[in-house]
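Fold and contact review
Residue-level listing of the chains:
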Amino acid sequence: MMGVILAAGLATFALPVAGLFAHRAVRRSANARSMRIDSPAGIDEQGIVSIGGIGQWISVRGEDRGNPVLLEIHGGPGAAQSPYGNRTRGWEEHFTLVRWDMRGAGLTFAHGGAQGQGVLDFDRLYEDALEVTEHIRRRLAVDKVVLLASSFGTTLGLRLARSRPELFSAYVGTDQNIQEAGRDTSAYRGTLERLRAAGKTKDVAKVEAMGSDPGRWSSAQRSTYDKLCASSDPLTLDTVKKVIIGSLWLSPLYSLGRIKAYFQGQGFSAPVTEGTGALDDWADGTRFELPFFVFQGAHDVITPAARAQAYFDAVEAPVKAFALIEDASHFAALRHPERFLELLLTHVRPHVRSGSKAAL
């Protein structure tokens, strides 16, 4: 998603400079006030933690430590969730929300720079995710956490949920990506159809030249495809501009230098996808020993809902539920955070335990 996010960001920043920065200062200040947690049972911690031999940014926030713990595994690669605190502020009334910027992403990349990220590949991110989980279990004195994975993060999330169910009270996927070793070409064909309908013959040629198997794409080709896939869909592009870029621009956590680092981190992280081409979720199995939920944008052109639903229908789990989020493509949880919270409370909350043992 780096290409489309960067392109939309440059368009946003092309507004008149004086008014843009004055507006930004006022909104960032207001957002910082709205993020305060003053409740006696609350928690608000953020900073750099040693994970996998490097410093990585982790935030732990919630109004009541007795609430269940929700650990996010973000997408991208490199699409950190740290800018979205204000959009998901309501979640923190019902869950202790843990945000982790992976190595190569967001505030972790801003902290250490390119030289401070260590080894960056899919296996290393998987091990980091396990270490973050263990860190949170110790820090919050909980046996299990809810695993909330989005987009590229669901590729990690499914493997975590399959192999280590004892660590997680439930799996929740959104923008759910199903790896099929290149067999499903629906998103690719949809992108070509939209480009042809718009008369984008040069872009059609670029996509056709790549072929339909993403496992054969270079990271540069994937970036080009992501940009064309998202920008050719009005709903996705609108979400990127208003939700993704808007949140980054107005986040109290993001100075201009950190915004620059955010985009640099996405570029730095892009090669991780080259190590996922042979992954096959169907071959790895559809049995999960924990509650399993997927909440998907009804009009997702990047990770199509039909593909996610087909896999979900085959899943065997103690409890499972699937829901579509209307007026949403990719980034559904961020476009409609209140609707997503409603789904969490309706389907997930009844099946997970409370948070900190100390609060019980």
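Report on the accompanying structure. (Residues numbered from 1 in each chain as written. Predicted model: local features only at pLDDT ≥ 70, side-chain atom pairs only at ≥ 80, totals over all residues. Heavy atoms only, no water.)

Turning to the nonpolar core, a few remarks are in order. In terms of nonpolar packing, the biggest core is built from 43 residues, with Ile58, Ile73, Ile136, Leu156, Tyr171, Phe288 and Phe292 touching the most fellow members. With eight residues, the single largest contributor to this core is helix H4 (residues 122-140). Apart from the residues within four sequence positions on either side, Ile58 is in contact with Glu45, Gln46, Gly47, Val49, Ile51, Val98, Arg99, Trp100, Val132, His135 and Ile136. Ranked by size, the runner-up nonpolar core spans 22 residues in total, among them Ala332, Phe340, Leu344 and Val348. (Core = buried A, V, L, I, M, F, W, Y, C linked by side-chain atoms within 4.5 Å. Buried < 20%, exposed > 50% of the residue type's maximum accessible area, 1.4 Å probe, protein only. Helix = DSSP H or I, 4+ residues; strand = E, 2+ residues; numbered from the N terminus. Contact = heavy atoms within 4.5 Å.)

This part is about a negative patch on the surface. Taken together, the side chains of Asp121, Asp123, Glu127 and Glu131 make up a negatively charged region of the molecular surface. Along the chain, Asp121 falls in the loop between helix H3 (106-112) and H4. (Patch = residues over 30% accessible without salt bridge, like charges linked within 9 Å, V, L, I, M, F, W, Y side chains within 5 Å. Areas by Shrake-Rupley, 256 points an atom, 1.4 Å probe, with all protein chains shown as cover. Salt bridge = Lys/Arg side-chain N within 4 Å of Asp/Glu carboxyl O. Lys, Arg positive; Asp, Glu negative; His and termini not counted. Charge placed at Lys NZ, Arg CZ, Asp CG, Glu CD.)

Take the pairing of strand S3 (residues 69-73) next. Put simply, side chains in a regular strand alternate between the two faces of the sheet. With five of five residues buried, S3 lies mostly within the body of the structure. Taking every second residue as pointing to the same face, both faces of S3 are buried, with Val69, Leu71 and Ile73 on one and Leu70 and Glu72 on the other. Strand direction decides the pairing type here: S3 and strand S4 (residues 96-100), joined by three bridges, are parallel. Bridge pairing in S4 places Val69 opposite Thr96. Note: S3 against strand S5 (residues 145-150), four bridges, orientation parallel. Pairing of Leu70 across the sheet is with Val146, part of S5. (Pairing = 2+ DSSP bridges.)

Turning next to the sheet that holds S4. Sheet architecture is open: eight strands sit in the order S1-S2-S4-S3-S5-S6-S7-S8, paired in mixed fashion. Only two strands of the sheet have a single partner each, and these edge strands are strand S1 (43-51) and strand S8 (320-325). For this sheet, the mean inter-axis angle between neighbouring strands, taken without regard to orientation, is 20 degrees. Taken strand by strand, helix H5 (residues 152-163) contacts S3, S5, strand S6 (168-174) and strand S7 (292-297), and its axis lies near 145 degrees from that of S5. Packing against the sheet, helix H12 (residues 305-314) makes contact with S7 and S8, and its axis sits at approximately 170 degrees to S8. (Axes fitted to C-alpha atoms, helices over the stretch in contact; angles between N-to-C directions.)

Before going further, it helps to spend a moment on the side chain of Gln117. Of note, Gln117 is situated in the loop between H3 and H4. Polar contacts involving the side chain of Gln117 include one to the main-chain amide nitrogen of Gly104, which spans 2.6 Å. Setting aside chain neighbours within four positions, we find Gln117 in contact with Ile54, Arg103, Gly104, Thr108, Phe109, Gly112 and Phe268. (Polar contact = N/O pair within 3.5 Å; in protein donor to acceptor, adjacent residues only side chain to side chain.)

Extensive coverage of strand S2 (residues 54-62) is indicated by the burial of eight of its nine residues. By the bridge criterion, nine bridges tie S1 to S2 in an arrangement that is antiparallel. When the bridges of S2 are listed, Glu45 appears paired with Val60. Between the end of S1 and the start of S2, which pair antiparallel, lie two residues, with Gly52 showing a positive phi angle near 60 degrees. Pairing of S2 with S4 involves four bridges; the strand directions are antiparallel. Each bridged residue has a counterpart across the sheet, and for Arg61 the counterpart in S4 is Leu97.

Turning our eyes to something else, we now look at the packing of helix H6 (residues 186-197) against helix H7 (residues 201-210). How two helices pack is summed up by the angle between their axes together with the distance between the axes. H7 packs onto H6 with a crossing angle of 160 degrees between their chain directions and a minimal axis gap of 9 Å. Judged by the angle between their axes, H6 and H7 are roughly antiparallel. When you trace H6 past H7, the crossing you get is left-handed. Taken together, the residues of H7 that come into contact with H6 (itself represented by Tyr188, Leu192, Leu195 and Arg196) are Asp203, Val204, Val207 and Glu208. Tallied by class, residues from the contact of H6 with H7 come to five nonpolar, no polar and three charged. (Parallel < 35°, antiparallel > 145°, perpendicular 65-115°, else oblique. Left-handed = near helix turned anticlockwise from the far one by under 90°. Nonpolar A, V, L, I, M, F, W, Y, C, P; charged D, E, K, R; others polar.)

Those residues of H7 lying buried are Asp203, Val204, Val207 and Met210. The buried residues of H7 occupy an angular sector of 125 degrees when projected down its axis, which confines them to one face. The outward face of H7, more than 90 degrees from its buried face, is lined by the exposed residues Thr201, Lys202 and Ala209. Summarising the contacts, the buried residues of H7 are in contact with H6 and helix H8 (219-231). Of the residues one or two after H7, Gly211 is the one with positive phi, at around 85 degrees. (Arc of directions from axis to C-beta.)

The next subject is the environment of Ile245. Residue position: Ile245 is located in helix H9 (residues 234-250). When the C-alpha atoms of Ile245 and Ile259 are compared, they prove to be 9.9 Å apart, with 14 residues separating the residues in sequence.

As a further point, take the packing of H6 against H8. Where H6 meets H8, the axes come as close as 9 Å, and the angle between the chain directions of the two elements is 60 degrees. Considering their axes alone, H6 and H8 lie oblique with respect to each other. The way H6 lies across H8 gives a crossing that is left-handed. Of the residues in H8, those touching H6 at Ala187, Tyr188, Thr191, Arg194 and Leu195 are Tyr225, Leu228 and Cys229. Grouping the amino acids of the contact of H6 with H8 by side-chain chemistry returns six nonpolar, one polar and one charged.

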